[in-house]
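A closer look at the structure
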Amino acid sequence: PPGPPKNRGPLLHRLCASCQSLFPGVSLPPQRRCRWLCPDCRAQRRDFNREQRFYKRVGCGLCQACRIPEDCGICTACARNPPGGPSGPTRTSKCLLRR
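These lines cover the structure that appears in this document, whether it is placed above or below. (Residues numbered from 1 in each chain as written. Predicted model: local features only at pLDDT ≥ 70, side-chain atom pairs only at ≥ 80, totals over all residues. Heavy atoms only, no water.)

A short note on the overall build of the protein chain
Helix and strand content of the protein chain: 2 helices and 2 strands. Beginning at the N terminus, the succession of helices and strands in the protein chain can be written as β-β-α-α. Burial statistics for the protein chain: of 99 residues in total, 14% are counted as buried. A sequence separation of at least 24 residues applies to 17% of the contacts in the protein chain between residues at least 6 apart. (Helix = DSSP H or I, 4+ residues; strand = E, 2+ residues; numbered from the N terminus. Buried < 20%, exposed > 50% of the residue type's maximum accessible area, 1.4 Å probe, protein only. Contact = heavy atoms within 4.5 Å.)

Written out as structure tokens, the structure reads:
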């Protein structure tokens, strides 16, 4: 017969750091000190971050930085890029004014 269940620590009531909903029976390891998010808020955060990564690569096309047609040529990012553009599949920095 199996022995008694192993004690993983006291079961606590946790509040979601985003929506402040109470979740009973959630136990976290003692070394975990970051904010706890419920599954719904975690999914929303993951979708938001995915969308932000997409716009960082492509640009929204609406803000002032996205409407600048060319690099400035004087910021540190432009100074590091080769003048004729990349000669291969290397990744270059985006102009500081266009970020």
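A look at the packing of aromatic side chains
On inspection of all chains with the given rule, the structure shows 1 aromatic pair. Taking 5.3 Å as the distance between ring centres and 70 degrees as the angle between the ring planes, the aromatic pair formed by F23 and W36 counts as edge-to-face. Of this pair, F23 sits in strand β2 (residues 22-26) while W36 sits in the loop between β2 and α1 (39-58); the two residues are 13 residues apart in sequence, bridging distant segments of the chain. Under the relative-accessibility criterion, F23 is labelled partly exposed at 26%. Given a relative accessible area of 12%, W36 falls into the buried group. (Phe/Tyr/Trp six-rings, centres within 6.5 Å; stacked < 30°, edge-to-face > 60°.)

Thoughts on the pattern of salt bridges
Here the structure, examined in full by the defined rule, presents 1 salt bridge. A salt bridge links R50 to D47, with the shortest nitrogen-to-oxygen separation between them at 3.3 Å. Of this pair, R50 and D47 both sit in helix α1, 3 residues apart, which is roughly one turn of that helix. (Salt bridge = Lys/Arg side-chain N within 4 Å of Asp/Glu carboxyl O.)

Thoughts on unusual backbone geometry
A positive phi is found at Q20, a non-glycine position, where the angle reads about 60 degrees. Topologically, Q20 is positioned in the loop between β1 (12-15) and β2.

Observations regarding a positive patch on the surface
A grouping of K56, R80, K94 and R99 is seen on the molecular surface, where their side chains present a positively charged patch. Judged by its relative accessible area of 58%, R80 falls in the exposed class. (Patch = residues over 30% accessible without salt bridge, like charges linked within 9 Å, V, L, I, M, F, W, Y side chains within 5 Å. Areas by Shrake-Rupley, 256 points an atom, 1.4 Å probe, with all protein chains shown as cover. Lys, Arg positive; Asp, Glu negative; His and termini not counted. Charge placed at Lys NZ, Arg CZ, Asp CG, Glu CD.)

Side note on the environment of D71
You can see D71 is positioned in the loop between α1 and α2 (76-80). Judged by relative accessible area, D71 falls into the partly exposed class, the value being 39%. C-alpha separation for the pair D71 and L97, spaced 26 residues apart in sequence, amounts to 7.6 Å.

As for the environment of C78
Here C78 lies in helix α2. Among the residues examined, C78 registers a relative accessible area of 10% and is labelled buried. Along the primary structure C78 and K94 are separated by 16 residues, whereas in three dimensions their C-alpha atoms are 7.4 Å apart. Beyond its immediate chain neighbours, meaning those up to four positions away, C78 contacts D71, C72, G73 and C95.

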